[in-house]
Amino acid sequence: MNRLWCVLALAILVATLSVPATGKEITPAEVYAQAVRIEKEMDLLKAYRKVSEIRPVAEVHATLLPRHVWQECYLIQLKINIFRRQNNFPVLSAQTREPVRDLEPLMNYEQTQRLLTEIGLLKLRLGISDQIPPQEVVPGKTPMDVFNKLHFISRQWDVINHSEVSPSDVYAEVLRVDEDVNALLVHLGIQDTAYPPAKVADVPSAEVLTSAFAVLTEVQRLQQMAGQPQVDFAAFHIQEETSTTDVLDLVSMIQAELQTLKAYLGLLHVLTPVAERQGEKTKANVNQFLGYVANKLRLIRSF
């Protein structure tokens, strides 16, 4: 038992060796270096699982911000939890945070350290002793660069897990969006008179993605009402075959944008609830729920 705790302490120490001095302003380049380290740590897990596939991922070209980087870290944690569940390891809730209008890169640096620690703990359970040293910081990186590196890592976790995320996983994240929208309605004193649309059976993923964009459109309408700039998410329109993971990616971006509205309205301590494991859900369930959330948002006509 003492040896186990020593190894655990070492894993955590190694994951935090490159933490910069207190008070130092963190740059996207430093966060990017941590993302590269996460990628190399993940490669150790791929080798353990005897996975050689490298999932191709198209880069996202958009004016992405630190809050979107934070969400991509969240998605990686979600997929680590899928790995834990597959291996009958205890599952921990992925992080949630208090809403802010502008998220600082330091919060993303903190997220990368959590991910490194989580991977270190997986390696401990699996008996993987190899270690990845801190990576060189290459200046000039932007939040978009960091996002794309993490986006690539997130998609490789699908390979490690031997599966895409399920509609049940996406439904759980839409439920979190719905809770944020409920918080807006309660704060504004608006009664929820919305109805879910009729359920469409055998709905393709491309149509579910369209429903997610309808929710995003309503969120951005409210951002415009609040005088907040809107991010162009056109790059998330998938031109080729759409997957459930593509839907999850956009739902995660909606979560990021809702935090700006909560901060604008002063809901600074209203955290998005953690995801709750759902029963068996289908794409039709997700599509209908997204339509219901969009209808709720349409009830908000003024602040």
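These lines cover the structure that appears in this document, whether it is placed above or below.

## With respect to the overall build of the protein
Then comes step 1: Helix and strand counts for the protein stand at nine helices and zero strands.
Then comes step 2: Listed N to C, the secondary structure of the protein is α-α-α-α-α-α-α-α-α in terms of helices and strands.
Then comes step 3: Relative to the globule expectation of 19 Å for 303 residues, the C-alpha radius of gyration of the protein, 20 Å, shows essentially globular dimensions.
Then comes step 4: If you line up the protein on its principal axes, its C-alpha atoms span 60 × 45 × 40 Å.

## Details of helix α9 (residues 283–297)
Then comes step 1: With 15 residues, α9 ought to run about 21 Å at 1.5 Å a step, and its terminal C-alpha atoms sit 21 Å apart, in line with that.
Then comes step 2: Burial of α9 is extensive: twelve of the 15 residues sit out of reach of the surface.
Then comes step 3: Here α9 has its buried residues at Ala-284, Asn-285, Val-286, Asn-287, Phe-289, Leu-290, Gly-291, Tyr-292, Val-293, Ala-294, Lys-296 and Leu-297.
Then comes step 4: The secondary structure elements touched by the buried residues of α9 are α6 (167–188), α7 (205–225) and α8 (244–264).

## Focus on the packing of helix α3 (residues 66–86) against helix α4 (residues 105–126)
Then comes step 1: Where α3 meets α4, the axes come as close as 9 Å, and the angle between the chain directions of the two elements is 15°. It follows from the interaxial angle that α3 and α4 lie roughly parallel. Here α3 runs over α4; the crossing is left-handed. Facing Pro-66, Val-69, Trp-70, Cys-73, Tyr-74, Ile-76, Gln-77, Ile-80, Phe-83 and Arg-84 of α3, the residues of α4 in contact are Pro-105, Met-107, Asn-108, Gln-111, Thr-112, Leu-115, Glu-118, Ile-119, Leu-121, Leu-122, Arg-125 and Leu-126.
Then comes step 2: Split into classes, the residues belonging to the contact of α3 with α4 amount to 15 nonpolar, four polar and three charged.

## Section: the nonpolar core
Then comes step 1: Within the largest apolar cluster, 80 residues are counted, with the highest numbers of intra-cluster contacts made by Trp-157 and Phe-236.
Then comes step 2: Among the secondary structure elements, those contributing two or more residues to this core are α2 (28–48), α3, α4, α5 (143–160), α6, α7, α8 and α9.
Then comes step 3: Ranked by residues supplied to this core, first place goes to α3 with ten residues.

## Some words on the packing of aromatic side chains
The geometry of an aromatic ring pair is captured by two quantities: the separation of the ring centres and the angle between the planes.
Then comes step 1: Throughout the structure, instances matching the rule amount to six aromatic pairs.
Then comes step 2: For the ring pair Phe-83 and Trp-157, a centre distance of 5.8 Å and an interplane angle of 80° mean the geometry is edge-to-face. Of this pair, Phe-83 sits in helix α3 while Trp-157 is found in helix α5, placing the two residues 74 residues apart along the sequence.
Then comes step 3: By relative accessible area, which is 1% here, Phe-83 ends up buried.
Then comes step 4: Overall, Trp-157 belongs to the buried group, its relative accessible area being 0%.

## Re the pattern of salt bridges
Then comes step 1: Scanning the model with the defined rule gives 16 salt bridges in all.
Then comes step 2: Across the salt bridge formed by Glu-41 and Lys-123, the nearest N and O atoms sit 2.7 Å from each other. On the criterion of sequence distance, the pair formed by Glu-41 in helix α2 and Lys-123 in helix α4 is long-range, its members being 82 residues apart.
Then comes step 3: Given the relative accessible area of 2%, Lys-123 is considered buried.
Then comes step 4: Linked by salt bridges that have partners in common, Glu-53, Arg-55 and Glu-164 make up one network.

## Some remarks on the environment of Lys-199
Then comes step 1: Inspection of the secondary structure puts Lys-199 in the loop between α6 and α7.
Then comes step 2: Each C-alpha atom of the pair Lys-199 and Val-286 lies 9.5 Å from the other, and the pair is 87 residues apart in sequence.

## A few points about α2
Then comes step 1: Taking 1.5 Å of rise per residue, 21 residues should cover 30 Å, and α2 covers 30 Å from first to last C-alpha, within 8% of that figure.
Then comes step 2: Taking burial as the measure, the 21 residues of α2 include 16 buried ones, the bulk of the element.
Then comes step 3: Downstream of α2 by one or two residues, Lys-50 has phi in the positive range, about 60°.

## Describing the packing of α6 against α8
Two quantities define a packed helix pair, namely the angle between the axes and the distance from one axis to the other.
Then comes step 1: Contact geometry of α6 with α8 gives a least axis separation of 10 Å together with a crossing angle of 15°. In terms of axis orientation, α6 runs roughly parallel to α8. Remark: the crossing between α6 and α8 carries left-handed chirality. Across the interface between the two elements, Pro-167, Val-170, Glu-173, Val-174, Arg-176, Val-177, Asp-180, Val-181 and Leu-184 from α6 touch Thr-244, Val-247, Leu-248, Val-251, Ile-254, Gln-255, Leu-258, Gln-259, Leu-261 and Lys-262 from α8.
Then comes step 2: A per-class count over the contact of α6 with α8 returns twelve nonpolar, three polar and four charged.

## Overview of unusual backbone geometry
Then comes step 1: For Lys-50, which is not a glycine, the phi torsion comes out positive at approximately 60°.
Then comes step 2: One can find Lys-50 in the loop between α2 and α3.
Then comes step 3: For Asn-88, which is not a glycine, the phi torsion comes out positive at approximately 60°.
Then comes step 4: Position of Asn-88 relative to the elements: it lies in the loop between α3 and α4.
Then comes step 5: Residue Asn-88 is classed as exposed on the basis of its relative accessible area, which comes to 71%.

Definitions and cut-offs
- Residues numbered from 1 in each chain as written.
- Predicted model: local features only at pLDDT ≥ 70, side-chain atom pairs only at ≥ 80, totals over all residues.
- Heavy atoms only, no water.
- Helix = DSSP H or I, 4+ residues; strand = E, 2+ residues; numbered from the N terminus.
- Rg over C-alpha atoms; globule rule 2.2 N^0.38 Å.
- Expected span 1.5 Å × (residues − 1).
- Buried < 20%, exposed > 50% of the residue type's maximum accessible area, 1.4 Å probe, protein only.
- Contact = heavy atoms within 4.5 Å.
- Axes fitted to C-alpha atoms, helices over the stretch in contact; angles between N-to-C directions.
- Parallel < 35°, antiparallel > 145°, perpendicular 65-115°, else oblique.
- Left-handed = near helix turned anticlockwise from the far one by under 90°.
- Nonpolar A, V, L, I, M, F, W, Y, C, P; charged D, E, K, R; others polar.
- Core = buried A, V, L, I, M, F, W, Y, C linked by side-chain atoms within 4.5 Å.
- Phe/Tyr/Trp six-rings, centres within 6.5 Å; stacked < 30°, edge-to-face > 60°.
- Salt bridge = Lys/Arg side-chain N within 4 Å of Asp/Glu carboxyl O.

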